[in-house]
Structure formats: C-alpha cells, structure tokens
Amino acid sequence: MASFYFQSLGCRLNQSELEALARQLAARGHRVVDDPAQADICVVNTCAVTAEAERKTRHLLRALARANPRARIAVLGCAATLRPEELASFPNVAWVIPNEEKERAAETLALTPTPLPPSPSPALRERERGWPEGPGEGVRARTRAFVKIQDGCDNACTYCIVHLLRGPVRSRPPEEVVAEIAARVREGYQEAVLTGVNIGAYGRDLGLKSGLAALVAAILARTDLPRLRLSSVEPWDVDESLLALWADPRLCRQLHLPLQSGCEATLQRMGRRMTAAAYAHLVERIRAAVPEMAITTDIIVGFPGEDETEFAESLAFVERMAFARLHVFPFSPRPGTPAAWMEGRVPEPVVRERAARMRELGEHLAARYRRQFLGREMDVLWERRRRDGRWHGLTDNYLQVVTSCPADLHNRITRTRLVQEDDGLLVGEVI
Ligand code: SF4
C-alpha cells in the first residue's frame, strides 16, 4: 500500500483524469494524501498548451522533489508526451506516461513496491507553507465532478498543439458516462462538468449525430443530478438540438465558445472553421434561445501577422459580443504547429500590451454582465470557505458569489439574494 499525492496542471480534462486515477488507486487500497511531504509517489498531470504551461510543469517537478526528496514522481499528460526525455531527467522522476498510455496509468503505478521508510527531511518545513489541495483531498471535498466524455480532436487549428498531443476524437460510450454521473450523484455531488478536448465532437466516432445533445438529454432524463455544466464547446458544434436542452433549468446557463480572434483575416490564418460574422449570428441565436446565457470565450492576441488594424477589429468585435468572461492568451508558438513557422511574428512587448488591453475590456464586460443580476434571487452552489471566513459559491451562469453565514453551506444549493458588488464578486444573502 503506497501513499499518493496528485497535482493537475492545465485544463479540466486533466483534472478529471487525475480524479479518476485517484479513485482507481484508492479502490486498490492505496492512500491518497493532500500533502506531497507525506507521499511515496507524487503524480502530476501536465499541460503543454503554451510555453508558460510547460514552464509551470518544470517548476512543479522541481518543487515536489525539493519538498520530498524520497518520493518518486510520475509525470503524465501533454508535456510528458511532448518532452519525455527531458522530463525523465528531472530529479525523482520515475515514470513518464504519455497521453496514449494514460488509460493504463493505474496498473503502471499500482505495481510499485512500497518504498523505504520516510527519513527526516527538509520536506517537513515545506508542509508549513501548505501545498495546493490535491485532487485526492479534492475528490473527497469537491462539489463539482469533472466528468471526461471524450478525448482528442479532428480539427487542425494552426496554433494548436493539443490535437497533436491528444490524437483523434475518441468518445466514451453514453451509458458509461450516464452511469458515472449517477455514481457521482450517489456520492453527493451537486454538479457535474462534462469535459474533454473537444466535447462538441462527442459521439462522432461512434456514428452519433448531435452526439453531445443526445448525451446531455440522456443525463438529464436518467439521473437526478441537480446541475449539469458543459466545458468548452467549439462554436461550429452548437446546433438547435443542443440549444433546445436549456429548457431544463438543471442545465447551467454557461456556454464557453472559443472565438480566438474577432478579426476575419486572423481567423483564416488560424484555420478556424467559423468566421466572425457566423459567430456573431450564432451568439444572436443563443441569446434568443437563452436570454441570460453567460457566453464566455478564449482570445489569442499577437497571432503572427496581427497588425494594429487587425487587433483593433478583434477588440471591437469582442466588445460587440458582450461576453460574460474572457480568457486572454498571448500567442505562444508551439512546436510542430504551422503557426510556429508563420511570418509576421509580433514583438513580445506589443503582445503584452495587447493582452493587457484585451483583459481590461474583458473586466469591463464581465462587470457589465454581473451587474444586471444585482437585486435578483438566484440559486448558488456553495463550494468553500474563504480565508476571510465568507463562503464562496457559483450560480448556474457562473457568477462568483460570497456570503457571511454561520451555517455550514459546503456543497449546498441555496436561494440567495444578490445585494451588492465587492471586488469583482457579488455579495449574497442566503434566503
Ligand atoms: S478545435 Fe482547434 S483549438 Fe480546439 S483542440 Fe481542436 S485543433 Fe485545438
């Protein structure tokens, strides 16, 4: 029996994979700990979507080895797939498990013999500083279950390394997903988030038409899950059958629709399958079907060839779409992608300056979106108690709410009046 510490970097898909692995190992009698200083084995699911993500991977591996010199480290995921030799050379790294072998990670790690007894090490000092909560502990304390429904992508956006590292679309059978959600409901989860690399393509490899809509309909019909949330859906995969499902109030009114750029010329160089004009039309259809839908998005700034005119066009388009939240990514050339070789590289200082302007617009739009709910009564799922003692929770349309309440609100959904704003959050009164 070994003690495992888990840490996930990057996307919700990585999080859901690590939670599944933690469950598999716990089911085999292994212990899951939330402090690497107590672990025999530290498992890291890595990300390589940007150069910054890779830097975080290297930083975490060094920090874990310092925190617990006797623990062995297993490196999984996209950075492990992209740089296996390099990561294998890091201190304490005993396993490098690329994406295509991830499904067998539990077998690989479960075979490990129990390591030597712990020795007094500087790790003890590390414990005082406190480590990010691992999925192990998170698995027990979480209110939202991240449920993987598919892997891979068949598109080829020119900047994207994910489809190169994750491979083609592979979908989990619908009954398997419905069964997992039913199990999470029995464990007390109030919300499930469907995740994958490209969930809009769900079921295509199984010959299903509108596979995602069919899966969502099955989950809503066959489970008592209080709230179902979708992670990122490519805009060209949103159809009427999916939109019609928001008639069920259990389906969270949040749709993350990556735009990447608001400029037609930039979108063409990105190899995106939707024009800005078509995107704007889609947003109109969504708002007609679900008026208060929180439409959130990803935007890349500084893509090769993006001059001031193109950037201004993108900025103006984003303002017109009135998103509820923006994730802004400075362009990061990824190995093996066409965009990494494109001419017209934008100087770093200009990329940083554009990212700051786009983020500033994003803050303004997010404030505008949340202020329309002031004075309203909404359901909030309370997730954790903050350091200031207040509870933090989420509405279905992803509004961040805090409240001062003596009762234990963890993992409870309560009717809440949204009374004022506080530093980008809404303050609520539990009714
Ligand atoms: S749709 Fe494009 S950006 Fe998204 S994973 Fe596929 S190739 Fe990458």
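Keep in mind that what you see is a predicted model, and the values were worked out from it rather than measured.

Cut-offs applied
Residues numbered from 1 in each chain as written. Predicted model: local features only at pLDDT ≥ 70, side-chain atom pairs only at ≥ 80, totals over all residues. Heavy atoms only, no water. Helix = DSSP H or I, 4+ residues; strand = E, 2+ residues; numbered from the N terminus. Rg over C-alpha atoms; globule rule 2.2 N^0.38 Å. Contact = heavy atoms within 4.5 Å. Areas by Shrake-Rupley, 256 points an atom, 1.4 Å probe, with all protein chains shown as cover. Lys, Arg positive; Asp, Glu negative; His and termini not counted. Charge placed at Lys NZ, Arg CZ, Asp CG, Glu CD. Near = heavy atom within 4 Å. Nonpolar A, V, L, I, M, F, W, Y, C, P; charged D, E, K, R; others polar. 1 Å grid on protein atoms, 1.4 Å probe; cavity = no way out; pocket = protein on both sides within 12 Å on 5 of 7 lines; lining within 4 Å. Points joined across faces, edges and corners; volume = space filled by probe spheres on them. Axes fitted to C-alpha atoms, helices over the stretch in contact; angles between N-to-C directions. Parallel < 35°, antiparallel > 145°, perpendicular 65-115°, else oblique. Pairing = 2+ DSSP bridges.

What to know about the overall build of the protein chain
- Within the protein chain one finds 15 helices and 18 strands.
- Against the 2.2 N^0.38 benchmark of 22 Å for 431 residues, the protein chain shows a C-alpha radius of gyration of 22 Å, consistent with a compact globule.
- Dimensions of the protein chain, computed from the C-alpha atoms along their principal axes, are close to 60 × 55 × 45 Å.
- Long-range contacts, defined as pairs at least 24 residues apart, comprise 73% of the intrachain contacts of the protein chain with a sequence gap of at least 6.
- Element-wise, carbon and sulfur atoms account for 54% of the exposed surface of the protein chain, whose accessible area totals about 18,500 Å².
- The protein chain carries 58 positive and 56 negative side-chain charges, and their two centres are separated by 3 Å.

Brief notes about the site of the ligand
- Near the ligand, the surroundings consist of Cys-153, Asn-155, Ala-156, Cys-157, Tyr-159, Cys-160, His-163, Val-197, Glu-234 and Arg-272.
- A per-class count over the shell around the ligand returns six nonpolar, two polar and two charged.

Section: the layout of surface pockets
- Its volume calculated, the second largest pocket comes out at about 490 Å³.
- In terms of lining, the second largest pocket is formed by 22 residues, of which the most central are Glu-17, Ala-20, Gln-24, Glu-103 and Lys-148.
- The set of elements that each furnish at least two residues to the lining of the second largest pocket consists of helix H1 (12-27), strand E6 (144-148), strand E7 (150-151), strand E8 (170-171) and helix H9 (174-186).
- Among the elements that line the lining of the second largest pocket, the one with the most residues is H1, at seven residues.
- Here the residues of the lining of the second largest pocket sort into seven nonpolar, four polar and 11 charged.

Things to note about the packing of helix H14 (residues 308-321) against helix H15 (residues 348-371)
- The contact between H14 and H15 brings their axes to 10 Å, and the two run at 10 degrees. Classified by the angle between their axes, H14 and H15 sit roughly parallel to one another. Here H14 contributes Glu-308, Phe-311, Ser-314, Leu-315, Val-318 and Glu-319 to the contact with H15, which in turn contributes Arg-354, Arg-357, Met-358, Leu-361, His-364, Leu-365 and Arg-368.
- When its residues are assigned to classes, the contact of H14 with H15 shows six nonpolar, two polar and five charged.

So, the sheet that holds strand E2 (residues 31-33)
- The parallel open sheet is built from five strands, whose spatial order is E2-E1-E3-E4-E5. Taken across any chain shown, the strands that pair with only one partner, and hence form the sheet edges, are E2 and strand E5 (93-97). Taken over all neighbouring pairs, the strand axes of this sheet differ in orientation by 25 degrees on average, direction set aside.
- Pairing analysis gives three bridges linking strand E1 (residues 3-8) to E2, with the strands arranged parallel. Along E2, the bridge assignment pairs Ser-3 with Arg-31.
- Across the face of the sheet, H1 comes into contact with E1, E2, strand E3 (41-46) and strand E4 (72-77) while running at roughly 170 degrees to E1.
- Packed on one face of the sheet, helix H2 (residues 51-67) meets E1, E3 and E4 and runs near 175 degrees to E3.

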